[in-house]
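# Results of the structural survey
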Amino acid sequence: MELQNSAVPLNALRAFVEIARESSITRAAQAMGTTQSSVSRHLAVLEEYIGDKLVERSGRNIRLTKLGYILAESISEPLEPIAFS
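Now for a description of the structure that goes with this document. Everything numeric in this text was worked out from a predicted model, so none of it was measured. Counting starts from 1 at the beginning of each chain's written sequence and moves along it residue by residue. Only residues with pLDDT of at least 70 get local features here, since the model is predicted, and only at 80 or more are side-chain atom pairs given and counted; chain-wide, interface and lining totals rely on the full set of residues. Excluded from the side-chain calculations are hydrogens and water; all other atoms, namely the structure's heavy atoms, are used.

### A closer look at the packing of helix α1 (residues 10-22) against helix α2 (residues 25-32)
At their nearest, the axes of α1 and α2 sit 8 Å apart, and the two run at 120 degrees to each other. Between α1 and α2, the angle is such that the two are oblique. In this structure, the crossing between α1 and α2 has a hand that is right-handed. Residues R14, A15, E18, I19 and E22 of α1 lie in contact with α2, whose contacting residues are I25, R27, A28, A31 and M32. Tallied by class, residues from the contact of α1 with α2 come to six nonpolar, no polar and four charged. Interaxial angle, 0 to 180 degrees, is taken between N-to-C directions of lines fitted to C-alpha atoms, where a helix line uses only the stretch in contact. Numbering of helices and strands runs from the N terminus; a helix is a DSSP stretch of H or I covering at least four residues, while a strand is a stretch of E covering at least two. Orientation categories follow fixed angle ranges, with anything under 35 degrees roughly parallel, anything over 145 roughly antiparallel, 65 to 115 roughly perpendicular, and all other angles oblique. Helix crossings are classified by the rotation of the near helix relative to the far one: an anticlockwise turn of less than a right angle makes the crossing left-handed, while a clockwise turn makes it right-handed. Pairs of residues are marked as contacts when any of their non-hydrogen atoms sit within 4.5 Å. Residue polarity is assigned by list, with Asp, Glu, Lys and Arg as charged and Ala, Val, Leu, Ile, Met, Phe, Trp, Tyr, Cys and Pro as nonpolar; anything else, Gly included, falls into the polar class.

This is the structure we're talking about:
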């Protein structure tokens, strides 16, 4: 996994944390008060930034990959204060 030399996409991280919590892009969008397409785009941006898949899709179901699970566990709690500032 090789990260790009650019700023971490915080909105994409926030969307990813919601996806991980809700196990759904649709429910994550509802929780964030935004559209499903916006959350999907944030996920695509983050996956591109990281260079690997974070979720596996099976129809409407979403499951975190191993890397996705590790990232969600690592950033969920520290991201809360950043999101409020």
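### Quick word on the environment of L46
Of note, L46 is situated in helix α3 (residues 36-50). For L46, a relative accessible area of 1% translates into the label buried. Put simply, L46 and A15 are 31 residues apart on the chain and 9.3 Å apart in space, counted from C-alpha to C-alpha. Excluding anything up to four places from it in sequence, L46 contacts P9, A12, L13, F16, L54 and L71. Relative accessible area decides the class of each residue, using a 1.4 Å probe on protein chains only: under 20% of the type maximum gives buried, over 50% gives exposed, and in between gives partly exposed.

### Focus: the layout of surface pockets
To locate leftover empty space, one rolls a probe as large as a water molecule over the atoms. Within this scheme a cavity is a closed region of a 1 Å grid, computed over the protein atoms alone, that accommodates a 1.4 Å probe without allowing it to escape, whereas a pocket is open but has protein on both sides within 12 Å along at least five of seven lines; lining residues each have an atom within 4 Å of a point. Grid points are joined across faces, edges and corners, and a volume is the space filled by probe spheres set on the points. Considered as a void within the structure, the largest pocket measures approximately 200 Å³ in volume. Contributing to the lining of the largest pocket are S23, S24, I25, T26, R27, Q36, S40, R57, G59, R60, N61 and I62. Broken down by secondary-structure element, the contributors of at least two residues to the lining of the largest pocket are α2, α3 and β2 (61-64). Of the residues forming the lining of the largest pocket, the biggest block, three residues, is contributed by α2.

### Observations regarding the pattern of salt bridges
Think of a salt bridge as a Lys or Arg side-chain nitrogen and an Asp or Glu carboxyl oxygen that are within 4 Å of each other. As enumerated under the stated definition, the model contains four salt bridges in all. Between E22 and R27 there is a salt bridge, with its nearest N and O atoms 3.9 Å apart. The exposure class of E22 is partly exposed, given its relative accessible area of 27%. Note that E56 and R63 form a salt bridge whose closest N and O atoms lie 3.0 Å from each other. Here E56 falls in the partly exposed class, since its relative accessible area comes to 38%. Looking at R63, the relative accessible area reads 56%, which means it is exposed.

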